[in-house]
Amino acid sequence: MPVWFLAMVPIAIVFLWLLFRTSQSHKTQQSTLSSEYFKGLNYLLNDEQGKALDIFVKLVESNWDTIDTHFALGKIYRKNGEMDKAIKIHQGLIARPSLPERYRSKILLELGYDYLGAGWFDRAEGLFKEVLIEDKKSQEARHNLILIYQQEKDWFKAIDIAVDLFAENPSVVGPMIAHYYCELADISKTKGDVTQLENNANKALRYDTNCVRASIMLADQAKAVGDDKKAIKLYEGIEKQDAESMMLVIDSLLECYANLPPSDKLYDYLVALQDRHENLFLQNVIASVLEKSQSKHAAIDYLSDKIKHQPSLAGLQKLVTYKEKEIDSDEVFADLTTAISVMQKDSVEYRCQKCGFSTNTHYWLCPSCNHWGSVKPSVIESDA
Ligand SMILES: [Zn+2]
């Protein structure tokens, strides 16, 4: 059985239901409508779309209550990737001089979706804007405009539209606006415009106080100009925004501490951080700090003890590297280290908490589900 025929089955069901509904309300027109409907349906099933459409357009003009048939048909075509056919249906409707006003924005929305599906963002943008002129409150039109601007990386326009939606849904829209400002901050950074970078990052934090990305940008900037104390404060503040994201900045944090006079502050901070968040893997970081501030033996003792409670490939690899030179059978250890490296490469560093997409590169916008800020460093799974 051909695929298009299977696709027509839901259309036939929708048609029969609409036919039944129409016949209930307009008994006098029933016989004409029925025969025309069946004629149209017959054309559709014979894959003669053009003839079928001509009939349905005539039907809708005589009775606008049958417009749902067109919407249903358009949706099915769009779902099957036949955008040209969906566009033809909706364009046909919008061109009817007898079209009642109440259906206009709905048809424009549908046509906008057709254009989006066909990848014609300019035309889709124009239509969604038109919907907003007709229906100022249309959240659907705003939402689609945001997606288009995001796709085109037009952050100013995305912010303009999103700000209107903020009051109604701050917990969802706030983080989105924050990321748009971070994108602008990124551009300022590339241009070397520090004032604008900081302005945009601070605006991001106003819309989402937990915007880790903005805090990282401000901290990186402080670090770049040698204000290590300010940078440390900002990096450490990320724990309150999202503890797991501390893994994104741990190396930068170590670099800042390295520029300050030696003290136990870093070691104490890291041990306390590990205590507060057992799922963060800080064993190797703490071992390195101990090695530098005390001795290699202190690092080995710490790691040997920790690895018993929280075994991990990374921890084991570090321990092997430490002990390698103390043991005669160098080759065995070399092989073991290589094996562990290979196994570690297979493990995933970041995972999207919305859709489960896993990656070894960090993204602020998930490439799989298009959600902002959901790709996070992998943490140790709890046994509980
Ligand atoms: Zn995702």
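The structure displayed is predicted, hence computed values, not measured ones.

**Student:** Hey, could you run me through the overall build of the chain in this one?
**Tutor:** If you tally the helices and strands in the chain, you get 19 helices and three strands. Looking at the 384 residues of the chain, the share that counts as buried comes to 43%. Partitioning the contacts of the chain with sequence separation of at least 6, the portion at a separation of at least 24 is 48%. Accessible surface for the chain amounts to roughly 21100 Å². Of this, 53% is attributable to carbon and sulfur atoms.

**Student:** Explanation requested: unusual backbone geometry in the structure shown.
**Tutor:** Phi is positive for Lys153, close to 55 degrees, though the residue is something other than glycine. Mapped onto the elements, Lys153 comes out in the loop between helix H8 (139-151) and helix H9 (155-166). For Asn370, which is not a glycine, the phi torsion comes out positive at approximately 65 degrees. Counting through the fold element by element, Asn370 comes out in the loop between strand E2 (358-359) and strand E3 (375-377).

**Student:** Explain the environment of Val173 here, please?
**Tutor:** Mapped onto the elements, Val173 comes out in helix H10 (residues 170-191). With a relative accessible area of 7%, Val173 lands in the buried category. Expressed as a C-alpha distance, the spacing of Val173 and Val163, which sit ten residues apart in the sequence, is 8.0 Å. Discounting chain neighbours no more than four positions away, the residues touching Val173 are Ala162, Leu165 and Phe166.

**Student:** How should I be thinking about the coordination of the zinc ion in this particular structure?
**Tutor:** Reference values for angles at a metal are 109.5 degrees in the four-donor tetrahedral case and 90 or 180 degrees in the six-donor octahedral case. Here the zinc ion is held by the protein donor atoms Cys352 (SG), Cys355 (SG), Cys366 (SG) and Cys369 (SG), which lie 2.2 to 2.4 Å from it. Each of the four donor atoms bound to the zinc ion contributes to angles spanning 105 to 114 degrees, and the resulting shape is tetrahedral. On the primary sequence, the residues serving as donors to the zinc ion are separated as C-x2-C-x10-C-x2-C. In this pair, Cys355 sits in the loop between strand E1 (350-352) and E2 while Cys369 sits in the loop between E2 and E3, placing the two residues 14 residues apart along the sequence. Judged by relative accessible area, Cys355 falls into the partly exposed class, the value being 37%. Judged by relative accessible area, which is 31%, Cys369 ranks as partly exposed.

**Student:** Mind showing me how you'd approach the packing of H10 against helix H12 (residues 212-224) here?
**Tutor:** Helix-helix packing: each pair is described by the crossing angle between the helix axes and the interaxial distance. Between H10 and H12, whose axes approach to 9 Å, the crossing angle comes to 25 degrees. It follows that H10 is roughly parallel to H12 by the angle criterion. By crossing handedness, the relation of H10 to H12 is classed as left-handed. Across from His179, Cys182, Glu183, Ala185 and Asp186 in H10, the residues of H12 making contact are Arg213, Ala214 and Met217.

**Student:** Hey, could you run me through the nonpolar core in this one?
**Tutor:** For soluble globular proteins, nonpolar side chains are generally found buried alongside one another. If you look at the biggest cluster of nonpolar residues, it comprises 39 residues, and the most contacted ones within it are Phe128, Ile146, Tyr180, Ala204, Cys211 and Ala214. Elements with a contribution of two residues or more to this core: helix H6 (104-118), helix H7 (121-134), H8, H9, H10, helix H11 (194-207) and H12. Looking at which element gives the most residues to this core, the answer is H10, with nine residues. Composition of this core by domain shows at least three residues from each of domain 1 (3-154) and domain 2 (155-260). With 31 residues, the next largest nonpolar core counts Val212, Met246, Leu290 and Leu303 among its residues.

**Student:** Can you help me understand H9 in this one?
**Tutor:** Structurally, the α-helix is built with 3.6 residues per turn, so residues lying three or four positions apart point the same way. The terminal C-alpha atoms of H9 lie 16 Å apart, and with twelve residues this matches the ideal 16 Å at 1.5 Å per residue to within 8%. Among all positions in H9, only Trp155, Ala158, Ile159, Ile161, Ala162 and Leu165 are buried. Where the residues of H9 are buried, they touch H8 and H10.

Parameters at a glance
- Residues numbered from 1 in each chain as written.
- Predicted model: local features only at pLDDT ≥ 70, side-chain atom pairs only at ≥ 80, totals over all residues.
- Heavy atoms only, no water.
- Helix = DSSP H or I, 4+ residues; strand = E, 2+ residues; numbered from the N terminus.
- Buried < 20%, exposed > 50% of the residue type's maximum accessible area, 1.4 Å probe, protein only.
- Contact = heavy atoms within 4.5 Å.
- Areas by Shrake-Rupley, 256 points an atom, 1.4 Å probe, with all protein chains shown as cover.
- Donors = N, O, S within 2.8 Å, 3.2 Å for Na, K, Ca; no water.
- Tetrahedral: all angles 85-135°; square planar, octahedral: opposite > 155°, others 65-115°.
- Axes fitted to C-alpha atoms, helices over the stretch in contact; angles between N-to-C directions.
- Parallel < 35°, antiparallel > 145°, perpendicular 65-115°, else oblique.
- Left-handed = near helix turned anticlockwise from the far one by under 90°.
- Core = buried A, V, L, I, M, F, W, Y, C linked by side-chain atoms within 4.5 Å.
- Domains from an automatic or database assignment.
- Expected span 1.5 Å × (residues − 1).

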